[in-house]
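# Observations on the three-dimensional arrangement
Here's the letter readout for the chains.
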Amino acid sequence: MNVKAFLVMAALSATCMVACKKDDDDMKNDDVVAKTGLSIAGSQEVPAKTSSASGTLDVSYNKVSKMLTFTVNYKDLTGAATGAHIHGVAARGSNAGVKYDFHHLFPTTVSGTFTNTVAVDGTSLKEDSLLSGYYYVNIHTATNPGGEIRGQIEFK
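Residues numbered from 1 in each chain as written. Predicted model: local features only at pLDDT ≥ 70, side-chain atom pairs only at ≥ 80, totals over all residues. Heavy atoms only, no water.

### Details of the overall build of the protein
Rule in force here: Starting at the N terminus, helices and strands are each numbered in turn, a helix being any DSSP run of H or I of at least four residues and a strand any DSSP run of E of at least two. Three exposure classes are used, based on accessible area relative to the maximum for each residue type with a 1.4 Å probe and protein chains only: buried under 20%, partly exposed in between, and exposed over 50%. Contacts are assigned to residue pairs with any non-hydrogen atoms lying within 4.5 Å of each other. Surface accessibility in these figures is a Shrake-Rupley result with a 1.4 Å probe; residues are shielded only by whichever protein chains are displayed.
Looking only at helices and strands, the protein features 2 helices and 8 strands. Seen in sequence order, the protein has helices and strands lined up from the N terminus as α-β-β-β-β-β-β-α-β-β. A total of 156 residues make up the protein; the buried ones form 34% of that total. Long-range pairs, those at least 24 residues apart, make up 63% of the contacts in the protein with a sequence separation of at least 6. For the protein, the exposed area adds up to about 8,400 Å²; of that, 58% sits on carbon and sulfur atoms.

### What to know about the environment of Asn-73
Quick note on the threshold: Polar contact is the term for a pair of N or O atoms within 3.5 Å; when the atoms are in protein, one must be able to donate a hydrogen and the other to accept it, and sequence-neighboring residues count only if both atoms are side-chain atoms.
By secondary structure assignment, the location of Asn-73 is in strand E3 (residues 67-75). Overall, Asn-73 belongs to the partly exposed group, its relative accessible area being 23%. Apart from residues lying up to four places away in sequence, Asn-73 is in contact with Ile-40, Ser-54, Gly-55, Thr-56, Asp-58, Gly-112 and Thr-113. A polar atom in the side chain of Asn-73 sits 2.9 Å from the side chain of Thr-113.

### Examining the nonpolar core
For clarity, the threshold we go by: What we call a nonpolar core is a set of buried Ala, Val, Leu, Ile, Met, Phe, Trp, Tyr and Cys residues that are connected through their side-chain atoms within 4.5 Å.
Judged by nonpolar contacts, the single largest core of 28 residues is most densely connected at Leu-68, Phe-70, Ile-86 and Ile-153. For this core, the secondary-structure elements that each account for two or more residues are strand E1 (32-41), strand E2 (54-62), E3, strand E4 (81-88), strand E6 (112-119), strand E7 (135-141) and strand E8 (149-153). Per-element tally for this core: the top contributor is E3, with 4 residues. In this structure, Phe-70 is in contact with Leu-57, Asp-58, Val-59, Ile-86, Tyr-100, Phe-102, Phe-114, Thr-115, Asn-116 and Val-118, ignoring residues within four places of it in sequence.

### Topic: the confidence of the model for the protein
The condition that has to hold: Each residue carries a pLDDT score, the predictor's own confidence in it, on a scale running from 0 to 100.
Mean pLDDT over the protein stands at 87; residues scoring 70 or higher make up 81%. In the predicted structure, residues 5-27 sits below a pLDDT of 50 and forms 2 contacts with residues beyond four places in sequence or in another chain.

### Observations concerning the packing of aromatic side chains
Heads up, the condition is: Only centres within 6.5 Å qualify two rings of Phe, Tyr or Trp (six-membered ring in Trp) as a pair; their planes then separate them into stacked at under 30 degrees, edge-to-face at over 60, and tilted for everything else. Any Lys NZ or Arg CZ that is within 6 Å of a ring centre and within 35 degrees of that ring's normal is treated as a charge sitting over the ring.
Following the criterion strictly, the structure yields 8 aromatic pairs and no others. Ring centres of Phe-70 and Phe-102 lie 5.0 Å apart, and the angle between their planes is 55°; this geometry places the pair in the tilted category. You can see Phe-70 sitting in strand E3 and its partner Phe-102 sitting in the loop between strand E5 (98-101) and E6, a full 32 residues away along the chain. Each member of the pair, Phe-70 together with Phe-102, is buried. Ring centres 6.2 Å apart and planes at 55° place the aromatic pair Phe-70 and Phe-114 in the tilted group. Placement of the pair is Phe-70 in strand E3 and Phe-114 in strand E6, with a sequence separation of 44 residues. Look at Phe-70 and you get buried, because its relative accessible area is 0%. Put simply, the rings of Phe-70, Tyr-74, Tyr-100, Phe-102, Phe-106 and Phe-114 touch in pairs and so form one group of aromatic residues. Above the face of the Tyr-136 ring, Arg-150 is positioned so that its terminal group lies 3.4 Å from the ring centre.

### What to know about the pairing of E2
Operational definition: A pair of strands counts as paired when DSSP detects no fewer than two bridges linking them.
Of the two faces of E2, the one lined by Gly-55, Leu-57, Val-59 and Tyr-61 is fully buried and the one lined by Ser-54, Thr-56, Asp-58, Ser-60 and Asn-62 carries no buried residue. Examined bridge by bridge, E1 and E2 share 8 bridges and lie antiparallel to one another. Pairing of Ala-34 across the sheet is with Ser-60, part of E2. Linking two consecutive strands that pair antiparallel, namely E2 and E3, is a turn of 4 residues; a positive phi of about 60° is found at Lys-66 within it.

The structure is reproduced here in structure tokens:
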């Protein structure tokens with residue numbers, strides 16, 4: 001093979017490697033979806049609650065590992081948290097049963113931060129429902145045993 005042909009093949013090979021690498025990186029970026037600062041409030045409970053409590057929810061879902069990571073920031077509950085869960089399958093304005101109970105790990109305080117990870121196993125938590133926004137987090141108190149504040153898990 002002459003030198004010119006070799007250089008052309010080397011250049012084409014390098015170009016392909018860069019293009020292929022970019023595609024791999026783009027795919028990896030699509031493997032994780034996240035949303036920060038989702039609102040948690042009494043107005044999202046069904047029926048709505050009047051409470052000065054509020055908070056935010058940060059969520060990240062890895063489609064490859066099937067793991068949902070979430071951070072709940074909350075403040076000014078009417079009393080210590082008596083329950084904390086992920087509920088589903090329910091759109092905004094609807095209630096549903098508990099799918100993941102994390103109260104035994106949750107701080108029993110009126111304000112705080114909590115981070116946890118849960119498997120989206122296809123049974124309790126389903127990927128298509130998660131990505132469509134059909135799960136929510138809520139925190140219960142003695143004053144509001146059905147839930148004082150709630151926030152929908154959404155990625156859009």
